[in-house]
Each structure stands twice: as C-alpha cells, then as structure tokens.
Amino acid sequence: MRYGLRAEGPWEPTAGHRFDMAKLLIDPYASRIDRPFVQRPELAERGRDTASLVPKCVVTGPCETAVPLPPFTPGLIYEIPVKAFSKLHPGVPAVVRGTVAALAEPAVIAHLHKLGIDTVELMPLAAWIDERHLPPLGLGNAWGYNPVSFMAPDPRLAPGGLADIRTAVEAMHRAGIRVILDVVFNHTGESDEKGATLSLRGLDNALYYAHEEDGRLVNHTGCGNTLALDRPPVVQLVMAAMRLWATACGIDGFRFDLATVMGRTTGGFSSDAPLFAAIAQDPLLSKLTMIAEPWDVGEGGYRLGQFPPRWLEWNDRYRDEVRRFWRGDRFASGALATRLAGSSDIFAPRRSPSRSVNFLAAHDGFTLKDAVTYRVKDNAANGEGNRDGKADEVTWPGGDIRALLATLFVSRGTPMLTAGDEFGRSQRGNNNAYAQDNETTWLDWSRADAGLLEFTAALARLRKNHPLLTDDRFLTGRSAGAADLPDAIWLGGDGRPMDWHGPDARVLGLVLASDD
C-alpha cells in the first residue's frame, strides 16, 4: 500500500507554524518510497495540492535482521560516491552501474582488496531532492547531501530499497570490509522559508527546525534550515533512523555531515548534548564507529577535537598542513611533524591518534590530482559565477601526488582516501562538484593511472606490514620502552638533529624506533 500524510494546523510563520493541508507529506518513519523526489515550484506554493507531485510512502513488512561486524578501528577508509563510483566501471554489469548493488560485484571487491581497504564510507543513500536552483540550470545533485527522508533509501541508488543495501553490505562483510554510512542529520531538503513543504515542515515546522526569536529559520548549515537536535522528538527520529540502517542493512558505523549541529544546545556546543548522550547509552549504536565532520557554518561551528572520546573526526588541519609543506611554504616543517606524529595538539591527552581521520582530499574540495594541477578553482559549470566552493584551498601546479600519498600512509592516525584519488581522477578544477551528476564526477576508469594505482597499493602494504606506522600512540621523541630508544628522531637535510627555524628547515627526516 502506498500512502502519504496531511497535517492541519495554523499558518503562523512568526511562531514557526507552516501547516498546509494541501501538501502531501512523507512519513518521517517510512523506510521506502515509490520514486525519487523531483524539484517543482508547486512544492513551495501555499495551498497548491501536491499529491500528484511527491513520492508515496510504501508500507513494508518487517525487515530481515542484519548484523554489523564486531567493533573495529578502521585501518584504511575509502570514501565512495555510490553512483559516480560505478557509473562508468567496465567491470560492473550495465544493469547495476550507478547503484549500490554494484558494490557487491567481484571487480569492485577486487579493487578494494588491491588497495588494502578495510572500511568503506558510502556517501548518502537516503532519499534526497535537488536544490531548487539546479533544475533550471539543467543540473542535479550528485552527492545526496540534501535529504527529505532519513530512513528511506533513494530509489535511484537502491531500487530494491533496504534489501539492496543489505545485500551489498553482506558482500562487503564476506570480503572482510566494514561499511560506514554518511548521514545528513543537520538539515533537510525543505530548505529556507521559500523552500518546499515535503515532510517535517508540514508536520511540525516549529518543533523539528531551530528558529530565531523572530521566527526566522536558523541556518547553521548554509542549506536554509537546521534540525533542532536538542529536542527529544527530533533525537528520537534520528536514533530510530540509525538503528534501522544498522539492523536492516548491517551498517557498521556512521559519518555525520556538519556534525557540530548534533552538539548545539541553547547553551552552545557540548560533547554531552542530548544526541551524543543518546548514542552513548544505546546498546547497539554505542558499539558502532562514529565519525564527525567537526564543523558547521554557524558561529562557533569549528569544533575539531571536541567530540566524545570514542568518536573519530575528519582532520582538515592535516590536509592543509601536509599540502602546505609540499607546496614549499616557509616554516611548514613543524606543522608537518605534528601531523606525522598523530596530531597530539588536537587529540591529546584524552584520545589517541586513531581518532584523527587523516585525509588529503575528500568529496568536498579539489581532487588530489587537481590540487597539484590547478592554481585556482573553476566552478563556472555550477552556474553560480564561480562564487561557490572554497576560495583559498591549498593548491599548487606541479606538485607530486606520490609525495602526498606517501606522507598519508606513514602518518599516525586513520588514513582516508576518496575513490579515484588513487589513480589520478580529475574534476577539471571544480572544487564544489555537488551539482555535477555527469562525467565531471563519474570516475573514468578507462583513464586511470595504473602506475599511481600500483604505487598507492604498495604504500598500503607498507603501512600494514610495519607496526611502527600504525602504532596508536603519539610520537613524543622520548623513550617508549626498555631499550631506551626515542620513539622518533627528527633530522634535518644534513642528517643532524632538526633545526626547526634554520635555513634547511624545508627538509625533514624522521627515524622511527621501537624495542624490537
């Protein structure tokens, strides 16, 4: 049976109320919808009936129960945009290219094994809608960070619903690979006051979204609205969504987009905020891997190193400071040494180096290849006059990808690669390609740099075979055992102890030692 909801109530925007009986609404707890969302102006017009325009929820029976693998600290994370990853993959049958089912194919598993991947991080699978300015430009959202439902998979990625995802996850598990799901619980695709009414806005706008005193929506996300995650019903919804993904699909953990929103309360950010506390006491979720993108765009939104002790966090300072060293910036060696040693300035004393997710490039920003190819961004294809995307990203033409990758694999912490960076993928200088659901973001396997791929795989083997590279302790330069050997010796280009401010400070050597 297919169904939708309607809700009756006052239209009082200054009080946060935006009820409209003409709008058919998605049930926030529905686990399946019958078709993708399509952005239309009528979805935002008050009094315009939308029953013919929005997907219907589908009544389903109980899901089969899937089981996550035992708790585990990732050794090498591989970020995958599900559609872009397999859309052009020659080893994947055409019928499943661009869907989650492609991840179960032998050619995909073999690639992951070649790279030594033990954890994949799937970009969002929940049903999303295009931002309203994209369709007139002939563009579509390629990333999925604009959800309407938190529980129903997007039919474009999983035509068979949760069962498709469970099958793919089980194939990964059999191959010894864990699966982390990227989730967006900071905002929804209903956007700002001019946006569509699709679900939460029509059911209880004042409850689900944070508002200013004058009734305006809070916009800590840059996407028009912000979920009020300090309120019990909103926490309940998010917890139910995470439990569903874990129990119905076997998901082993979650990466949270703009995760600072999760900790925002009336008193400011807190690592003891209601949602963090709920996850910590949950018998299932408390055992899973949790990864924060530790910032949002609101005031006081940068919170790297301030999440609960068990959580991992994306370390953007690692990305920027490693790039600056290889770009040749003056006095960058000290910062590089701190990142090689595990980023103790951020995570010590309560946490270990593995809490730092070290990355050189991610879905958001220049690809690794483009970071050493382009001096400035070229986002003209996004239709925003090249105003979007980070304007001061650390880039320099003529850089060496191999030097960057080698640094990543010898650093203390948890390394992360984004799919395609291991073989030189390019987005032609676009560092905000969210709107490019086309060849700009689709991985071109036919042009993969086989030599770079082999080099990356060799680095992964090197790291796996040498415990000194994966030891989960910060390097201190002091003795770490009975043999009285310093755990790290820093050397300059002349082989003598490093002079951090001397004329040769652009050359850095590191000797690692242990009792054995």
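Residues numbered from 1 in each chain as written. Predicted model: local features only at pLDDT ≥ 70, side-chain atom pairs only at ≥ 80, totals over all residues. Heavy atoms only, no water.

Q: Please explain the overall build of the protein chain as it appears in this structure.
A: Scanning the protein chain for helices and strands turns up 13 helices and 16 strands. Over its C-alpha trace the protein chain gives a radius of gyration of 23 Å, about what one expects of a compact globule, namely 24 Å for 516 residues. The burial tally for the protein chain puts 57% of its 516 residues in the buried class. Considering only contacts in the protein chain between residues 6 or more positions apart, those separated by 24 or more positions represent 70%. Just so you have it, the protein chain exposes about 20,800 Å², and 52% of that area is on carbon and sulfur atoms. (Helix = DSSP H or I, 4+ residues; strand = E, 2+ residues; numbered from the N terminus. Rg over C-alpha atoms; globule rule 2.2 N^0.38 Å. Buried < 20%, exposed > 50% of the residue type's maximum accessible area, 1.4 Å probe, protein only. Contact = heavy atoms within 4.5 Å. Areas by Shrake-Rupley, 256 points an atom, 1.4 Å probe, with all protein chains shown as cover.)

Q: Can you help me understand the nonpolar core in this one?
A: One broad rule of soluble globular proteins: the nonpolar side chains tend to lie buried together. In terms of nonpolar packing, the biggest core is built from 106 residues, with M242, W245, F254, F256 and I279 touching the most fellow members. With 13 residues, the single largest contributor to this core is helix α5 (residues 232-249). Not counting residues within four places of it along the chain, the set of residues in contact with F254 comprises I180, L181, V183, M242, W245, L285, L288, T289, M290 and I291. Counting residues in each nonpolar core, the second largest holds 15 residues, with F37, L43, A152 and L198 among its members. (Core = buried A, V, L, I, M, F, W, Y, C linked by side-chain atoms within 4.5 Å.)

Q: It is not clear to me how the side chain of E313 should be interpreted in this structure. Could you clarify?
A: Position of E313 among the secondary structure elements: in strand β12 (residues 312-315). You can call E313 buried: its relative accessible area is 0%. A polar contact is formed between the side chain of E313 and the backbone nitrogen of F307, at a distance of 3.2 Å. With residues up to four places along the chain from it excluded, the contact list for E313 reads A292, P294, R303, L304, G305, Q306, F307, F347, R351, R355, S356 and V357. (Polar contact = N/O pair within 3.5 Å; in protein donor to acceptor, adjacent residues only side chain to side chain.)

Q: What exactly am I supposed to notice about the sheet that holds β12 here?
A: By definition, the strands of a sheet pair up through backbone hydrogen bonds, in either a parallel or an antiparallel sense. What the eight strands build is a closed barrel, ordered β5-β6-β7-β8-β11-β12-β13-β14; its pairing is parallel. Looking at each pair of strands side by side, their axes are set apart by 25° on average, direction ignored. Docked against the sheet, helix α11 (residues 401-409) engages β13 (356-359) and β14 (414-418), running at close to 145° with respect to β14. (Pairing = 2+ DSSP bridges. Axes fitted to C-alpha atoms, helices over the stretch in contact; angles between N-to-C directions.)

Q: How should I be thinking about the environment of T167 in this particular structure?
A: Looking at the element boundaries, T167 is found in helix α3 (residues 162-174). As for T167 and G250, which are separated by 83 residues in sequence, their C-alpha atoms are 9.4 Å apart.

Q: Explain α3 here, please?
A: Since the α-helix packs 3.6 residues into each turn, any two residues three or four apart lie on the same face. With 13 residues, α3 extends 18 Å between its outermost C-alpha atoms, agreeing within 8% with the 18 Å of an ideal straight helix rising 1.5 Å per residue. Considered for burial, the residues of α3 that qualify are L162, I165, R166, A168, V169, A171, M172 and H173. The inward-facing, buried residues of α3 contact α2 (106-115), β6 (119-122), β7 (178-183) and α5. (Expected span 1.5 Å × (residues − 1).)

Q: Can you walk me through the side chain of N141 in this structure?
A: With respect to the helices and strands, N141 occurs in the loop between β6 and α3. If we skip the residues at most four places from it in the chain, N141 touches W128, D130, E131, L134, N146, Y434 and D437.

Q: Got a minute to help me understand the state of the cysteines in this structure?
A: Note: disulfide means a covalent bond formed between the sulfur atoms of two cysteine side chains. Applying the stated rule across the entire model yields zero disulfides. C63 provides the cysteine sulfur closest to C249, a residue in no disulfide bond, and the two sulfurs are 7.4 Å apart. What makes C249 buried here is its relative accessible area of 1%. (Disulfide = S-S within 2.5 Å.)

Q: Looking at this structure, I do not really get the environment of G161. What am I missing?
A: Looking at the element boundaries, G161 is found in the loop between β6 and α3. You can call G161 buried: its relative accessible area is 3%. For the pair formed by G161 and R32, sequence separation is 129 residues and the distance between their alpha carbons is 6.2 Å. Not counting residues up to four positions away in its chain, the partners in contact with G161 are R32 and P153.

Q: Is there a simple way to think about the packing of α3 against α5 in this case?
A: What describes two packed helices is the angle between their axes and the distance between those same axes. Packing of α3 against α5 brings their axes to within 9 Å, and their N-to-C directions diverge by 60°. Considered as vectors, α3 and α5 are oriented oblique to each other. Taking contact as the criterion, the partners of L162, I165, R166 and V169 in α3 are, on α5, L244, W245, A248 and C249. Of the residues belonging to the contact of α3 with α5, the class tally is seven nonpolar, no polar and one charged. (Parallel < 35°, antiparallel > 145°, perpendicular 65-115°, else oblique. Nonpolar A, V, L, I, M, F, W, Y, C, P; charged D, E, K, R; others polar.)

Q: Just to check I follow, could you spell out the packing of aromatic side chains for this structure?
A: All told, the structure shown has 18 aromatic pairs when counted by the stated rule. Ring centres of F276 and W311 lie 5.2 Å apart, and the angle between their planes is 80°; on these two criteria the pair is classed as edge-to-face. Here W311 lies in the loop between β11 (289-292) and β12 and F276 lies in helix α6 (residues 274-281), a separation of 35 residues in the sequence. Of the two residues, F276 and W311, neither departs from the other in class, the shared state being buried. (Phe/Tyr/Trp six-rings, centres within 6.5 Å; stacked < 30°, edge-to-face > 60°.)

Q: So what exactly am I meant to see when it comes to the pattern of salt bridges here?
A: Pairing between side chains of opposite charge can happen when their charged atoms approach one another. For the structure on display, the rule yields 29 salt bridges. For D34, the salt bridge goes to R35, with nearest N and O atoms at 3.3 Å. For D34, a relative accessible area of 26% gives the class partly exposed. It is possible to trace a salt-bridge network through shared partners that takes in E121, D182, R255, D257 and E293. (Salt bridge = Lys/Arg side-chain N within 4 Å of Asp/Glu carboxyl O.)

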